[in-house]
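Coordinate analysis (summary)
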Amino acid sequence: MSQEVMTQSQLATLAREKEDLAVDGLIVRHTAAVRLTHWLVAIFFFLSLFTGFVIFTPFFAGWASVFGGGPMVRTLHPWFALGFTIAILYLYRYWKMKMKKEAGDEEWKDNFGPYIRYESELQNVGKYNAGQKIYFWAVFWGAIAFLASGIVMWFPTVFPYFLRTISYWLHEITFVAFVIGIIYHIYMSTTAMPGTFRAMTRGTVTKDWAKWHHPRWYREVTGEKK
Ligand code: HEM
């Protein structure tokens, strides 16, 4: 199939299975499997978050009716959280190698301020920048902390008092960190960095976006020298 005559729907079909591929003015960034997994993470995260809010404080007690009442909220929360953990494990399977430390990470960290103000042209940043890697590993270890503490809280009679106390603290600290993290993540991948969100919907980004945000990845994918 010639690249010049490829239509949007043909590109969408291609983006289901292949990534890191340049076609006309676009680059396929995430396969359908990665995108689906990401959205499952997001759906289970928000279901866990909203049921968690109801359990956490009476301020959100009104939300309980959405899930079928207070006792139902307590029953559903750990199952939603289990869905979140499984989806995260799939995300880990896709991204663990790609989120390893690389040379360009230092360049990104040193230029973080100018970069987010669109003032600094980076040269050596690969497919994921250092900030995305930090976020990925924070989410991964946060999910482990949620799971470990959540199991203790799910079966309180099985575990000793001191472990239950530690687990409540760990669960709540992780919860606060995730709330801050997700606000930042959604802001960065939508308003702050226009052109990023489509990577998780259509699977593609424009060449201009790739060249600016991930220049080394852009060169690797397109074969261009600059
Ligand atoms: C519903 C709100 C969300 C939006 C709009 C969103 C958006 C995005 C976008 C556009 C990307 C791709 C960035 C790129 O290709 O460079 C991405 C990546 C990612 N997302 Fe989300 N996401 C959301 C929810 C979540 C949740 C709930 C989690 C986990 C708690 C999460 C974890 C990640 C991770 C680890 C990455 C890869 C690293 C990164 O790009 O920061 N996302 N997200």
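Let us look at the structure shown here. (Residues numbered from 1 in each chain as written. Predicted model: local features only at pLDDT ≥ 70, side-chain atom pairs only at ≥ 80, totals over all residues.)

1. A short note on the site of the ligand
Surveying the vicinity of the ligand reveals 18 residues, the closest of which are Ala42, Phe45, Gln132, Ser189 and Ala199. Among the secondary structure elements, those contributing two or more residues to the shell around the ligand are helix H2 (32-56), helix H6 (130-154) and helix H7 (161-192). Of the residues contributing to the shell around the ligand, the split by class is eleven nonpolar, six polar and one charged. (Near = placed C-beta within 6 Å. Helix = DSSP H or I, 4+ residues; strand = E, 2+ residues; numbered from the N terminus. Nonpolar A, V, L, I, M, F, W, Y, C, P; charged D, E, K, R; others polar.)

2. A short note on the nonpolar core
Core analysis: the largest hydrophobic core is formed by 13 residues, its most contacted members being Val41, Phe44, Phe84, Ala87, Ile88, Leu91 and Ala143. Put simply, the parts of the chain that give this core at least two residues each are H2, helix H3 (70-95) and H6. Once residues within four sequence positions are removed from consideration, Phe84 is found in contact with Val41, Phe44, Phe45, Ser48 and Ala143. If you look at the next biggest cluster of nonpolar residues, it comprises ten residues, including Ala15, Leu26, Val205 and Ala210. (Core = buried A, V, L, I, M, F, W, Y, C linked by C-beta atoms within 7 Å. Buried ≥ 20, exposed ≤ 12 C-beta atoms within 10 Å, placed from the backbone. Contact = placed C-beta atoms within 7 Å.)

3. A closer look at the sheet that holds strand S1 (residues 21-23)
Judged by pairing direction, the sheet is antiparallel, and its three strands sit side by side in the order S1-S2-S3 without closing on themselves. The sheet terminates laterally at S1 and strand S3 (204-206), the two strands that pair on one side only. Averaged over all adjacent pairs, the angle separating strand axes in this sheet is 30°, with direction ignored. One ladder, built from three bridges, connects S1 with strand S2 (residues 26-28); its direction is antiparallel. Along S2, the bridge assignment pairs Leu21 with Val28. (Pairing = 2+ DSSP bridges. Axes fitted to C-alpha atoms, helices over the stretch in contact; angles between N-to-C directions.)

4. Some words on unusual backbone geometry
Leaving glycine aside, a negative phi is the common case for residues, and trans is the common case for peptide bonds. In this structure, Asp20 is a non-glycine residue whose phi angle is positive, near 60°. Following the sequence through the fold, Asp20 ends up in the loop between helix H1 (8-17) and S1.

5. A closer look at H2
In an α-helix, one turn spans 3.6 residues, which is why side chains three or four residues apart end up on the same side. Taking 1.5 Å of rise per residue, the 25 residues of H2 would be expected to cover 36 Å, and the 35 Å separating its terminal C-alpha atoms lies within 8% of that figure. Among the residues of H2, Thr37, Val41, Phe44, Phe45, Ser48, Thr51, Gly52 and Val54 are the ones counted as buried. (Expected span 1.5 Å × (residues − 1).)

6. A short note on the packing of H2 against H3
Contact geometry for H2 and H3: axes closest at 8 Å, N-to-C directions at 150°. In terms of axis orientation, H2 runs roughly antiparallel to H3. The way H2 lies across H3 gives a crossing that is left-handed. Grouping the amino acids of the contact of H2 with H3 by side-chain chemistry returns 18 nonpolar, seven polar and one charged. (Parallel < 35°, antiparallel > 145°, perpendicular 65-115°, else oblique. Left-handed = near helix turned anticlockwise from the far one by under 90°.)

7. Focus: H3
With 26 residues, H3 extends 37 Å from end C-alpha to end C-alpha; this agrees with the ideal 38 Å at 1.5 Å per step. A bend of about 30° at Leu76 is the largest found in H3, and the proline Pro78 appears one to four places after it. Considered for burial, the residues of H3 that qualify are Val73, His77, Phe80, Ala81, Phe84, Ala87, Ile88, Leu91 and Trp95. Residues of H3 that are buried in the fold lie against H2 and H6. (Bend = angle between axes of the 7 residues up to and from the residue.)

8. Describing the environment of Glu220
Within the secondary structure, Glu220 sits in helix H9 (residues 215-222). For the pair Glu220 and Lys133, spaced 87 residues apart in sequence, the C-alpha separation works out to 19 Å.

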